Amino acid sequence: MEVDIDVELEKVKKIYHELQNVDKSTRVRILTWLANRFDIDANYQSRSVESLHSPAIRIEKSPQITKWTQQDQVLSACFTLQKHEKNYDYTAKHINSHLKKLGVGISNLNRTINALQNSNPAFLVESTRRKSKMQHKRVRLTEFGLNYCEGLF
């Protein structure tokens, strides 16, 4: 079953705010009752819960991403696409769509991608040769880019 992280986080946030206003023993009783009601083992941890703790999700849900440089924002999107969504090469459209979900706008995405490709060492590399100028460029993170992104998170 595919889990929409945004919806899940909103629901967790609502529950958290409700439980925040009661004492610890009441919280324990409520959570125990809910776990029993929904037949949930207290030690159960789904893959979707584990994924909420991944560095990419933690950083992207943070308002700090809007304070990063545009290059770091693009690299963050590339890192998430490549490492967590298993999309090993992507176009500017994929990157832009991912950034829009986070509420981040890049003034000139193609210029930023080119700068990341032309830097020394390069953060991004063109993953497939285009057969024509009309074909969209597909890029992926280099090993250096992956290591840099892991340092961000």
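We now turn to the structure provided with this report. (Residues numbered from 1 in each chain as written. Predicted model: local features only at pLDDT ≥ 70, side-chain atom pairs only at ≥ 80, totals over all residues. Heavy atoms only, no water.)

### Comments concerning helix α2 (residues 24-37)
Defined as follows: Here a helix means four or more residues in a row that DSSP labels H or I, a strand means two or more in a row labelled E, and each is numbered from the N terminus. Here the expected length of a helix is defined as 1.5 Å per residue gap, with one fewer gap than residues.
Taking 1.5 Å of rise per residue, 14 residues should cover 20 Å, and α2 covers 20 Å from first to last C-alpha, within 8% of that figure. Remark: Asp39 follows α2 within two positions and exhibits a positive phi of approximately 55°.

### A word on the packing of aromatic side chains
Worth spelling out the cut-off: Pairing of aromatic rings covers Phe, Tyr and the six-membered ring of Trp, with a centre-to-centre limit of 6.5 Å; geometry is then stacked below 30 degrees between planes, edge-to-face above 60, and tilted otherwise. Exposure classes here rest on a 1.4 Å probe applied to the protein chains alone. A residue is buried below 20% of its type maximum, exposed above 50%, and partly exposed in between.
The tally for this structure, following the rule as stated, stands at two aromatic pairs. Their ring planes at 75° and their centres at 5.1 Å tell us that Phe123 and Tyr148 sit as a pair that is edge-to-face. Taken together, the residues Phe123 in the loop between α7 (109-118) and β1 (124-126) and Tyr148 in helix α8 (residues 143-152) connect sequence positions 25 residues apart. Note on Tyr148: relative accessible area 31%, which makes it partly exposed. Ring pairs connect the aromatic residues Phe123, Phe144 and Tyr148, which therefore count as one cluster.

### Regarding the packing of helix α6 (residues 92-101) against α7
Which entries qualify depends on this criterion: As a rule, the C-alpha atoms of each element are fitted with a line to give its axis, helices using only the stretch in contact, and angles between N-to-C directions run from 0 to 180 degrees. When an angle is under 35 degrees it counts as roughly parallel; over 145 it counts as roughly antiparallel; between 65 and 115 it counts as roughly perpendicular; any other value is oblique. Handedness of a helix crossing follows the sense of rotation of the near helix relative to the far helix, less than a right angle counterclockwise being left-handed and clockwise being right-handed. Throughout, a contact is declared for two residues whenever any of their heavy atoms are within 4.5 Å.
Interhelical geometry of α6 versus α7 gives an angle of 110° and a closest axis separation of 11 Å. Relative to α7, α6 is oriented roughly perpendicular. Both α6 and α7 take part in a crossing whose hand is right-handed. Facing α6, whose interface residues are Ala92, Ile95 and Asn96, α7 presents Leu109, Asn110 and Ile113.

### Points about the state of the cysteines
The cut-off we apply is this: What counts as a disulfide here is a pair of cysteine sulfur atoms lying within 2.5 Å.
Taken as a whole and judged by the stated rule, the model has zero disulfides. With no disulfide of its own, Cys78 lies 7.3 Å from the sulfur of Cys149, the closest cysteine sulfur. Residue classification places Cys149 among the buried positions, given a relative accessible area of 0%.

### Concerning the pattern of salt bridges
The criterion, for reference: Between Lys or Arg on one side and Asp or Glu on the other, a salt bridge is scored when a side-chain nitrogen of the former is within 4 Å of a carboxyl oxygen of the latter.
Counting across every chain of the model gives two salt bridges. Close ionic contact of Lys83 with Glu150 constitutes a salt bridge, the shortest N to O distance being 3.9 Å. One end of the pair, Lys83, is in helix α5 (residues 70-84); the other, Glu150, is in helix α8, with 67 residues separating them in the sequence. Residue Lys83 is classed as partly exposed on the basis of its relative accessible area, which comes to 34%. Assessed through its relative accessible area of 42%, Glu150 is described here as partly exposed.

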